Every structure is written in C-alpha cells, then in structure tokens.
Amino acid sequence: MKAVVTGGAGFIGSHLCDYLVARGHQVTALDDLSTGSEANLTQVAQDPAFELVKGSILDQNLVNEVIEGSDTVFHLAAAVGVHTIVDNPLRSLHTNLHGTENVVEAAVAHGARFMVASTSEVYGKNDTDGLTEDADRILGSALKSRWSYAAAKGLDELVAHIYGEQSGLPCVITRFFNIVGPRQTGRYGMVVPRFVAQALNDEPITVYGEGTQRRCFGSVFDVIPAVVQLMDTPEAYNKAVNLGGHEEVSIKGLADRVLELTGSSSAISYVSYEDAYGKGYEDMQRRMPDTTLANRLIGYTPQRNLNDIIT
Ligand code: NAD
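None of these values were measured; they are calculated from a predicted model. (Residues numbered from 1 in each chain as written. Predicted model: local features only at pLDDT ≥ 70, side-chain atom pairs only at ≥ 80, totals over all residues. Heavy atoms only, no water.)

## Things to note about the site of the ligand
Right, so step 1: Taken together, 28 residues form the shell around the ligand, and within it D31, T35, Y149, K153 and I179 come nearest.
Right, so step 2: Within the contact set of the ligand, a nitrogen atom lies 3.2 Å away from a backbone nitrogen or oxygen of D32.
Right, so step 3: Residue L76 places a main-chain N or O atom 2.8 Å away from an oxygen atom belonging to the ligand.
Right, so step 4: Contact with the protein chains removes 94% of the 810 Å² of surface that the ligand exposes when unbound. (Near = heavy atom within 4 Å. Polar contact = N/O pair within 3.5 Å; in protein donor to acceptor, adjacent residues only side chain to side chain. Areas by Shrake-Rupley, 256 points an atom, 1.4 Å probe, with all protein chains shown as cover.)

## Let's talk about the pattern of salt bridges
Right, so step 1: Taken as a whole and assessed by the stated rule, the structure comprises 12 salt bridges.
Right, so step 2: Where K54 meets E38, a salt bridge forms, and the shortest distance between an N and an O atom there is 3.1 Å. In this pair, K54 sits in strand β3 (residues 50-54) while E38 sits in the loop between β2 (26-31) and β3, placing the two residues 16 residues apart along the sequence.
Right, so step 3: We classify E38 as partly exposed; its relative accessible area is 44%.
Right, so step 4: For D222, the salt bridge goes to R304, with nearest N and O atoms at 2.6 Å. (Salt bridge = Lys/Arg side-chain N within 4 Å of Asp/Glu carboxyl O. Helix = DSSP H or I, 4+ residues; strand = E, 2+ residues; numbered from the N terminus. Buried < 20%, exposed > 50% of the residue type's maximum accessible area, 1.4 Å probe, protein only.)

## Notes on the sheet that holds strand β4 (residues 72-75)
Right, so step 1: The seven strands are arranged β3-β2-β1-β4-β5-β6-β11 in an open sheet whose pairing can be described as parallel. Across the chains shown, the open sheet's two edge strands, defined by having one partner strand only, are β3 and β11 (239-243). If you compare each strand with its neighbour and ignore which way they point, the axes differ by 20° on average.
Right, so step 2: Inspection of the sheet shows strand β5 (residues 113-119) paired to strand β6 (residues 171-176) by six bridges, in the parallel sense. Opposite V116, over in β6, you have I173 as the bridge partner.
Right, so step 3: Docked against the sheet, helix α1 (residues 11-22) engages β1 (2-6), β2, β3, β4 and β6, running at close to 165° with respect to β1.
Right, so step 4: Where helix α4 (residues 89-109) meets the sheet, it contacts β1, β4 and β5, and its direction lies at approximately 170° from that of β4. (Pairing = 2+ DSSP bridges. Axes fitted to C-alpha atoms, helices over the stretch in contact; angles between N-to-C directions. Contact = heavy atoms within 4.5 Å.)

## Re the packing of α4 against helix α5 (residues 147-166)
Right, so step 1: Close contact between α4 and α5 brings their axes to 8 Å; oriented N to C, the two are set at 15°. Taken together, the axis directions place α4 and α5 in an arrangement best described as roughly parallel. Both α4 and α5 take part in a crossing whose hand is right-handed. Within the contact between the two elements, α4 uses P89, L90, S92, L93, N96, L97, T100, V104, E105 and V108 and α5 uses W147, S148, Y149, A152, K153, L155, D156, V159 and Y163.
Right, so step 2: The residue inventory of the contact of α4 with α5, partitioned by class, reads 12 nonpolar, four polar and three charged. (Parallel < 35°, antiparallel > 145°, perpendicular 65-115°, else oblique. Left-handed = near helix turned anticlockwise from the far one by under 90°. Nonpolar A, V, L, I, M, F, W, Y, C, P; charged D, E, K, R; others polar.)

Spelled out as structure tokens, the structure:
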C-alpha cells in the first residue's frame, strides 16, 4: 500500500502510521501540527518508508501533490478538542469542509481509496442503548455547543457518500466513539489523559457536570487494525461504521477507576459545564456504540477493557 495519512502526526493518525509502516507499507503523513506533534512520530521518523509533510489540507496544490501516486488515503486531519470548537466554531467547519473537499477530490483524481474519520457526535443527543449506524442523526439533534463539529463531520460523511455514489470512490466512513491510548493529551479536553495526569500529579480530578454522563472508551490498538481491515473490505465501501469499546462507565466511575489504578489520593472536584466551557454548553448523557456492523464486516470485537486502556 502507498498510503497518505492526513492528520498523521496526531494521536490516532500517528498510531496508524506506525501500524502501516510496521507492515511494510509506504506512508506519507500530511499534518499542519496544529494539535499533532512530530514527537508522536519518533517510531517511524527515520524509516525510509515514511515521510512527514508539514502543511495544511486547506492547501489544495499541496494535497494534490501529496496524494498523487498513492493508492489509499486515510483522512484524519480535523480541528478537534472541545475548547477549539467552542472557542472558534467556524474553524472546524472551514477545515473540514474545504479540507475534506481537497482530499476527496485528490483521491478521486488519482484513483486512491478513501477513508474519513467521523465521530459519534453525528448522533447528536441521541442516547439510546447502543447507537446503530442508521439512528437519527446530525443537524436537527446536534449538540448546541458543539454543533459545528458535529455538522462538519456530518457534512464530511455526506461528501464521502456523494463521491462514493457518483464517482465510484471506494470509501469508508469510520465513526469513532471516544478512542483513547498513548499520545492522547488532555490539552484539548480529552478526559482519560486529563484524569490520569491529575491523579499522577496529586491534583484534584476535575469532573465536569455531575459525573453521571456515561461513555464507552475504545482502545486505539483495537481501532487501528479495524480501520485498515475495513479499507480492504469492499462490502464496507460507502458505509458508515461505528468503532469503539464495549465497557460503559460514568465519568464519576472513570474518576474512581483512575484513582484506584494509579493509587492516587487526589480528591474529586466537580466543575459546572459553564465554568469549564462557558455558558450554554451541553453534553450528551450517554454515548454507547453498537458495533454489530463492524463485527459483521470484519469480525470486530474490542479486546481491551477500560483497565487496559487506563494502564
Ligand atoms: P488529533 O488532534 O490528535 O489529530 C488531528 C490531527 O489533524 C492533528 O495532528 C492536527 O495537527 C491535524 N490537523 C488539524 N488541522 C489540520 C489541517 N488543516 N491540515 C493538516 N493537518 C491538520 O486528534 P485525534 O483524536 O487523533 O483525531 C483524529 C481524527 O479522528 C479526527 O478527524 C477526529 O475528529 C476523529 N475522531 C477522534 C475521536 C477520538 O476519540 N480521539 C473520536 C471521534 C472522531
């Protein structure tokens, strides 16, 4: 495979680069290093099969140059992090819409297969037991305060579908549900690394809201092989596929688990959403993937539980 990974210096993207290079593939990462970092790529940086191109997916000529000659494009670059999105809602729309358009068009022009990273946030406030891929989604029910991220990702999905249908682009949409692992930082609002850092530094663990909101954390090491397998599965083309973990936990339960596993004596302190993110912030009460489709397509069954993910 000659692959391009946009957002390749980010958390998920860098693990994907490691995985592909380790399996003998040629990989080019395209990243503007806005939330990613070169330090994430130390495992592959010196490998002749790997190249990092520093630049933006908004640069159409650069995107075209990088994708020319590749056969597979994994599109993970996006404006992420709750603060980034709440502080600058239009940035995620701009990056995703124009950036994704550049990446998809180059993939079509050069005959490459295409995968786009979407998110559980496209399901909006829908908190039914196990979200299936065809649950009501986006725009109407998108979270108010993160509407631009949900909408941008929903539009990315639509763009992929349109090109998939009209240009025959072999494409897969992966909907990630709270993926966690090494290299993820707490800087952009990700809860697991933030709690672990607070516990290890003997600082109070700050739970936003009442801590009753429930999440299901998935390991990056379960998800990366699944992403690559889906790309090799024509039955998955032009489909949106949920990927995530299976163990559901409340955010207060997560804080307790982090305290137990780190042996920390940090206190738990509760911060209102308004103090954490500003007025009008809303969060989903529950976010739990139904991964039946991924299981049917590629036999996906997460192997790592929450303790594995935290430690
Ligand atoms: P991340 O911030 O670590 O990765 C995003 C990468 O994109 C970063 O390296 C960043 O520098 C890069 N980037 C941003 N704007 C860019 C631009 N204009 N041009 C080039 N590069 C740019 O975040 P992540 O958690 O690894 O997320 C990867 C993808 O997965 C994103 O599309 C995100 O929306 C999606 N996702 C992640 C999760 C999760 O749980 N981590 C959940 C749902 C969806």
